[in-house]
Amino acid sequence: MSSLSAEEQKTTTPLKIFFTGGTGNNGRAIVPHLLSRGHTIKALVRDPNKATAQALEAQGCNLVKGDATSPESWSAEVADCDAVIWSSVIWGDFTADMGSLSKCCEVLADAARKEGKHPATRKLLVTTGVLGYEQREDDPQLGIPEWKPNQESFPPVKGFQMKERLVRFADICGCAISLGFTYSHSPQTSGLFPFVFKGFDRSSKKIFYKGDKSVGISQIHLEDAADMYAKIIEAPALDVKGQ
């Protein structure tokens, strides 16, 4: 994936972005791409001394020690940012960070108002995913992108839907990104690979899924996902608000 051309660099305004989930599988692709486009990133990490956090710092991120579920550990750092990318997922309790997301919206909106600007000049991109949609009868733990979020008892459905509703109706410019399963050049480094995939044919580049092979699962390459995040975060607020 190439960086910005000289012409693109002239037309892209550098943003200050607060990022959660930067040490995760998706974050490790999104963060360097945003940095390559001239943006400044504050990365929330629980332990700044861990190798994954040190790698973010080496790339040029400013580390913020804290926890996504503890707004007091990061709210002051969010206040001077143009945007927040909330890419962390708390497995086991998909609603654990709802209070934090609400606080994040509040902090962004208040900061904009103090500058005499509309709250929608601040952006919040929240990562959800296709795991939260429609279960398969042969594997109730596996979601597929049928876009029929009617399985309220399935934890990802409840959590992802709540987050999507929150950003849709927030005063700030909120946008939910419902990612398909991500993959990279090596399937071994792809998110949820052992859980979702049965095998990978390197010659045909075909992935075989657990359960019914006639049912496909939405997937996206990490580099494409990173480019999508960059385009959304750089787009005019009214083009992405509530999407």
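Everything quoted here is computed from the prediction, not taken from an experiment.

Conventions and cut-offs
- Counting restarts for each chain: residues are numbered from 1 in the order of the written sequence.
- At least 70 in pLDDT is required for a residue's local features to be given in this predicted model, at least 80 for side-chain atom pairs to be given and counted, and no such filter applies to totals for whole chains, interfaces and linings, which use all residues.
- Calculated side-chain values reflect all of the structure's heavy atoms, with hydrogen atoms and water omitted.
- Each helix is a run of H or I in the DSSP string that is no shorter than four residues. Each strand is a run of E no shorter than two, and both are numbered from the N terminus.
- Working definition: with a 1.4 Å probe on protein chains only, accessible area under 20% of the residue-type maximum means buried, over 50% means exposed, and in between means partly exposed.
- Throughout, a residue-residue contact means that at least one pair of heavy atoms, one from each residue, lies within 4.5 Å.
- For accessible areas, the Shrake-Rupley method is used with a probe of radius 1.4 Å. Any residue's cover is judged against the shown protein chains and nothing else.
- Should a side-chain nitrogen of Lys or Arg be within 4 Å of a carboxyl oxygen of Asp or Glu, the pair is scored as a salt bridge.
- Along the chain, pLDDT gives the predictor's confidence residue by residue, from 0 to 100.
- Put simply, a nonpolar core is a bunch of buried Ala, Val, Leu, Ile, Met, Phe, Trp, Tyr and Cys residues held in one set by side-chain atoms that sit within 4.5 Å of each other.
- Polar contact is defined as a pair of N or O atoms within 3.5 Å, subject to the rule that within protein one atom must be able to donate a hydrogen and the other to accept it, and that residues adjacent in sequence are counted only when both atoms are side-chain atoms.
- Stacked, tilted and edge-to-face are the three classes applied to pairs of Phe, Tyr and Trp rings, where Trp contributes its six-membered ring and a pair requires centres within 6.5 Å; stacked means planes under 30 degrees apart, edge-to-face means over 60, and tilted covers the rest.

Draft legend 1. Here's a closer look at the overall build of the chain. Counting secondary structure elements, the chain contains nine helices and 12 strands. Residue burial in the chain is summarised as follows: out of 243 residues, 49% are buried. Of all intrachain contacts in the chain linking residues separated by at least 6 positions in sequence, the fraction that spans at least 24 positions is 64%. By element, 51% of the accessible surface of the chain is carried by carbon and sulfur atoms, the whole surface being about 11,700 Å².

Draft legend 2. View of helix α2 (residues 27-36). Among the 10 residues of α2, seven are classified as buried, and the element is accordingly described as predominantly covered. Among the residues making up α2, those that are buried are Gly27, Ala29, Ile30, Val31, His33, Leu34 and Leu35. Gly38, located one to two residues past α2, shows a positive phi value of around 90 degrees.

Draft legend 3. Spatial organisation of the pattern of salt bridges. In this structure the tally under the stated criterion is 11 salt bridges. The partner of Asp227 in a salt bridge is Lys231, and the shortest N-O contact between them spans 2.6 Å. A residue pair is termed a helical-turn pair when its members lie 3 or 4 positions apart in one helix, as Asp227 and Lys231 do in helix α8 (residues 222-234) at four residues. A single salt-bridge network, built from bridges that share partners, covers Lys16, Lys42, Glu77 and Asp80.

Draft legend 4. A look at the confidence of the model for the chain. Summing up the model confidence of the chain, the mean pLDDT is 77 and the portion of residues at 70 or higher is 66%. Note on residues 1-5: pLDDT is under 50 here. Beyond four places in sequence and across chains, it has 10 contacts. In the model, residues 7-11 has pLDDT below 50 throughout and makes two contacts with residues more than four positions away in sequence or in other chains.

Draft legend 5. Layout of the nonpolar core. Core analysis: the biggest nonpolar cluster contains 26 residues, and Leu34, Ile41, Ile85, Leu125 and Ile233 have the highest contact counts within it. Sorting the residues of this core by element identifies β1 (16-20), α2, β2 (40-45), α3 (51-59), β4 (83-86), β8 (173-179) and α8 as the ones contributing at least two each. A total of six residues in this core trace back to one element, the largest contributor, which is α8. In this structure, Ile85 is in contact with Ile17, Phe18, Phe19, Thr20, Leu34, Leu125, Tyr229 and Ile233, ignoring residues within four places of it in sequence. Grouped together as the second largest cluster of nonpolar side chains are 23 residues, Cys104, Ala109, Leu124 and Ala176 included.

Draft legend 6. Molecular detail of the side chain of His221. In this structure, His221 sits in strand β12 (residues 219-221). Polar side-chain contacts of His221 include one of 3.1 Å to the backbone nitrogen of Glu223.

Draft legend 7. Inspection of the packing of aromatic side chains at higher detail. Evaluation of the coordinates by the stated rule reveals two aromatic pairs. Seen in terms of ring centroids, Phe18 and Trp74 are 6.1 Å apart; in terms of plane orientation they differ by 40 degrees. Their pairing is tilted. Remark: Trp74 occurs in the loop between β3 (62-65) and α4 (75-78) and Phe18 occurs in strand β1; sequence separation between them is 56 residues. The class for Phe18 is buried, based on a relative accessible area of 0%. Between Trp74 and Trp86, the aromatic rings sit 5.6 Å apart at their centres with planes inclined by 70 degrees, giving edge-to-face as the arrangement. Here the residue Trp74 occupies a position in the loop between β3 and α4, and Trp86 occupies one in strand β4, the gap between them amounting to 12 residues.

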